[in-house]
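# Fold and contact review
Single-letter residue listing:
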Amino acid sequence: MTDPTTAAYWHARAAALKFETGHFIDGAFVPSLDGRVFETVNPATGAVLAEVAAGSAADVERAVASARRAFRSGVWSRMDPRARLAVLEKFSALIEENAELFAVTDTVDMGKPISEMLNIDVPGSYTAIKFFAETADKLEGAVTSTAASALHYILRQPLGVVGLIVPWNYPLMMAAWKLGPALVTGNSVVLKPAEQSPLSAALLAKLFIEAGGPPGVLNVVQGVGEEAGKALALHNDVDKIGFTGSVEVGKLMMIYSGQSNLKRVTTECGGKSPQIVLADVEDLETTVSYCVNAIYGNQGEVCSAGSRLLVDESVHGDFVALFREKAAAGFNPGDPLDPATTMGPLVTSQHQKKVLSMIDSGRSEGAKLELGGGVPSALNQGCYVEPTLFSGVSPSMTIAREEIFGPVASVLKVNGIEEALSLANNTTFGLAASIWTRDVSTALRFGRDIEAGIVWVNCYDHGDMTQPWGGFKQSGNGRDKCLEALTQYTQTKSVWVNIGA
Ligand code: NAD
């Protein structure tokens, strides 16, 4: 039980978990005012992990009031930037120190493999907080060139109270990506985690206080989207919503803004990201390995999943054969607490049903099933779906158009870059895209003409914190990571001083 390379170690850690299940308001865990709770379930086993406070508008009211008090007091918003930097660096260090606790918590709560938590989510989270911490004293205002009789300076100031509404596919990391820029710029925050994965947000809030963060600056309201999330997005004293989730709910955020106080809204939504493989691909083996990882990593529950494979007809046969081979060898669904597992269950049985029904639509609309297509026979207890591959997919099929958010890849045959680019852009989404080619001009042209916010050439999913993360078209209007995120949590103020003669 002391060897973290074994499943037994992680099962023992999971069995010993004790969860905080309340909202976190003004530096303390509190139950819902009306006492209601909801269950969060381990999707690998169906076991109820905890009963979590179900937030209502009244709980949101308390959290927003606490955030507003903290903001107006200046305890954080006017704190010396170097002191804010120190708190956030400590916060980042504490996340790193508690890596195993975060890893096992999100793994049991939403099903992703423990190895992904340890290698991607947890490092991606403490690195994000550290990256933004380091900007604390780098954000500058300006003095403009005006007539000598005036001094005009521009302050860049925090917005006030920010609501952060995040999804379940990377519970810790999506929260960290937004908390970093929101907090470092001096805002107070009310974080609303997804109801499918509420548990790690409570840990985050606790560690912020341990790092020296003042009470009331980071609050967490738990609850279902249609109630707690909606109340937050409609609140008249919330200055901004930073949202990550589906297009459907992203649109609602804008409606709620219009129905309330015209609060700022940034959205990071879904995708149907193309991976183009051209006839002059350098190394088909490597390319296929990337393509397989790009769709099956995190069970395909990734906004940027490379779900549309646009493969030139000259390499199509070899591509599909290699893809089947590498997918079967690399992704076998299993116990997410086993460090050797590369694919866990989907997040809920409801989501599993949705993904299976999309697979059915692929079959019934005439695509050719090359791999998977159902529930793994040995794993009928959890919410598992086999890695699935369709070839013979046409652009009008549902599986070519809609985000499935599961381990389902669709191969469309193309003839050359013109057709590939035109099909790649034939979507309402525009989050990510990749191209595999040896031709520099083709790659540069793709970089220029593809309608997507994140583009890869001869790779997929590479990047660091400097990379703007966000979409074109209905994939959203915000940018996470990157320095640009700071401007989304600040506003300018013009101060014109009349000097006189
Ligand atoms: P979702 O839109 O159902 O939920 C996201 C959040 O919104 C949750 O916290 C939920 O409780 C809340 N919510 C739901 N209905 C609401 C309402 N009516 N009012 C207020 N809040 C509400 O999305 P999901 O299923 O949790 O996440 C999957 C989606 O997120 C996918 O589409 C995926 O592509 C997208 N995503 C995008 C990015 C990105 O960076 N672009 C990253 C991760 C996930």
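Being a predicted model, the structure only gives us computed values, none of them experimental. (Residues numbered from 1 in each chain as written. Predicted model: local features only at pLDDT ≥ 70, side-chain atom pairs only at ≥ 80, totals over all residues. Heavy atoms only, no water.)

The next thing to look at is the overall build of the chain. When its secondary structure is counted, the chain shows 16 helices and 19 strands. Dimensions of the chain, computed from the C-alpha atoms along their principal axes, are close to 75 × 60 × 45 Å. Going through the 501 residues of the chain one by one, you find that 58% of them count as buried. Element-wise, carbon and sulfur atoms account for 53% of the exposed surface of the chain, whose accessible area totals about 19,200 Å². Distance between charge centres in the chain, computed from 40 positive and 54 negative side chains, equals 7 Å. (Helix = DSSP H or I, 4+ residues; strand = E, 2+ residues; numbered from the N terminus. Buried < 20%, exposed > 50% of the residue type's maximum accessible area, 1.4 Å probe, protein only. Areas by Shrake-Rupley, 256 points an atom, 1.4 Å probe, with all protein chains shown as cover. Lys, Arg positive; Asp, Glu negative; His and termini not counted. Charge placed at Lys NZ, Arg CZ, Asp CG, Glu CD.)

Formed by 94 residues in total, the largest nonpolar core has its most connected members in Phe91, Leu179, Leu191, Tyr296, Phe319 and Phe323. Top element by residues in this core is helix 6 (residues 171-184). It accounts for 10 residues. Formed by 28 residues, the second largest nonpolar core is a distinct cluster that contains Met358, Ala367, Leu421 and Ala452. (Core = buried A, V, L, I, M, F, W, Y, C linked by side-chain atoms within 4.5 Å.)

Of the two faces of strand 3 (residues 37-41), only one is covered, namely that formed by Phe38 and Thr40; the face formed by Val37, Glu39 and Val41 stays uncovered. Two strands pair when backbone bridges link them, and strand 3 and strand 4 (residues 48-53) are joined in this way by 5 bridges, in the antiparallel orientation. Note on strand 4: the bridge partner recorded for phenylalanine 38 is valine 52. The turn linking strand 3 back onto strand 4 is made up of 6 residues, and glycine 46 within it adopts a positive phi angle of 85°. (Pairing = 2+ DSSP bridges.)

It is the contact of helix 14 (residues 416-424) with helix 15 (residues 440-449), at a shortest axis distance of 11 Å, that shows an interaxial angle of 20°. It follows that helix 14 is roughly parallel to helix 15 by the angle criterion. Taken as a pair, helix 14 and helix 15 cross one another with a handedness that is right-handed. Only Thr442, Arg445, Phe446 and Asp449 of helix 15 make contact with helix 14, whose side of the interface consists of Ile417, Glu418 and Leu421. (Axes fitted to C-alpha atoms, helices over the stretch in contact; angles between N-to-C directions. Parallel < 35°, antiparallel > 145°, perpendicular 65-115°, else oblique. Left-handed = near helix turned anticlockwise from the far one by under 90°. Contact = heavy atoms within 4.5 Å.)

Overall, mixed pairing links the 7 strands, which are arranged 14-15-16-13-12-17-18 in an open sheet. Among the strands making up the open sheet, the edge pair consists of strand 14 (368-371) and strand 18 (454-457). Strand-to-strand twist of the sheet, defined as the mean angle between neighbouring strand axes without regard to direction, takes the value 20°. Contacts from helix 10 (residues 284-296) reach strand 12 (274-277), strand 13 (308-312), strand 14, strand 15 (388-391), strand 16 (408-414) and strand 17 (432-436) within the one sheet, and its direction differs from that of strand 12 by about 170°.

Further remarks concern the site of the ligand. In the vicinity of the ligand, 30 residues are found, and the nearest of them are Val166, Lys192, Glu195, Ser246 and Glu403. Glycine 225 is positioned with one of its backbone polar atoms (N or O) 3.3 Å from a nitrogen atom of the ligand. When the free accessible area of the ligand is taken as 840 Å², the share hidden by the protein chains comes to 92%. Contributions of two or more residues to the shell around the ligand are made by helix 8 (225-234), strand 10 (240-244) and helix 9 (247-259). Taken together, the residues of the shell around the ligand break down into 17 nonpolar, 7 polar and 6 charged. (Near = heavy atom within 4 Å. Polar contact = N/O pair within 3.5 Å; in protein donor to acceptor, adjacent residues only side chain to side chain. Nonpolar A, V, L, I, M, F, W, Y, C, P; charged D, E, K, R; others polar.)

The terminal C-alpha atoms of helix 6 lie 20 Å apart, and with 14 residues this matches the ideal 20 Å at 1.5 Å per residue to within 8%. Within helix 6, 14 of the 14 residues are buried, which leaves the element mostly enclosed by the surrounding structure. In the segment just after helix 6, glycine 186 is the residue with positive phi, at about 100°. (Expected span 1.5 Å × (residues − 1).)

Let us look at the pattern of salt bridges. Tallied over the full model, the rule gives 23 salt bridges. Across the pair arginine 13 and glutamate 100 runs a salt bridge, and its minimum N-O distance is 2.6 Å. Here glutamate 100 lies in helix 4 (residues 99-110) and arginine 13 lies in helix 1 (residues 7-15), a separation of 87 residues in the sequence. Overall, arginine 13 belongs to the partly exposed group, its relative accessible area being 29%. With a closest N to O distance of 3.6 Å, glutamate 370 and lysine 368 form a salt bridge. You can call glutamate 370 buried: its relative accessible area is 14%. (Salt bridge = Lys/Arg side-chain N within 4 Å of Asp/Glu carboxyl O.)

Further remarks concern the domain arrangement of the chain. For the chain, the assigned domains read domain 1 (7-269 + 477-493) and domain 2 (274-464). Between the C-alpha centres of domain 1 and domain 2 the distance comes to 31 Å. Opposite the 24 residues of domain 1 that make contact, domain 2 presents 28 residues. If you look at where domain 1 meets domain 2, you find 0 salt bridges. One can count 9 residue pairs in polar contact (both at pLDDT 80 or more) joining domain 1 with domain 2. Elements supplying a minimum of two residues to the side of domain 1 that touches domain 2: helix 1, helix 4 and helix 5 (114-133). (Domains from an automatic or database assignment.)

Most of strand 11 (residues 264-268) is tucked away: 4 of the 5 residues are buried. With helix 9 bridging strand 10 and its parallel neighbour strand 11, the resulting β-α-β unit is right-handed. (Right-handed = clockwise from strand over helix to strand, strands pointing away.)

This part is about helix 2 (residues 57-73). Here helix 2 spans 24 Å end to end across 17 residues, near enough to the 24 Å set by a 1.5 Å rise per residue. Residues of helix 2 that are buried sit in contact with strand 1 (23-25), strand 6 (150-158), strand 7 (161-165), strand 8 (188-192), strand 9 (218-220) and helix 8. Positive phi shows up at glycine 74, right after helix 2, with a value of about 85°.

Here we come to the sheet that holds strand 19 (residues 490-498). The strands that make up a sheet are held in pairs by hydrogen bonds between backbone atoms, and each pair lies either parallel or antiparallel. Read from one edge of the open sheet, 3 strands run 5-6-19, paired in antiparallel fashion. Two strands bound the open sheet, and with one partner strand each, they are strand 5 (142-143) and strand 19. As paired strands, strand 5 and strand 6 are joined by 2 bridges and run antiparallel to one another. The residue bridging valine 143 from the neighbouring strand is tyrosine 153, located in strand 6.

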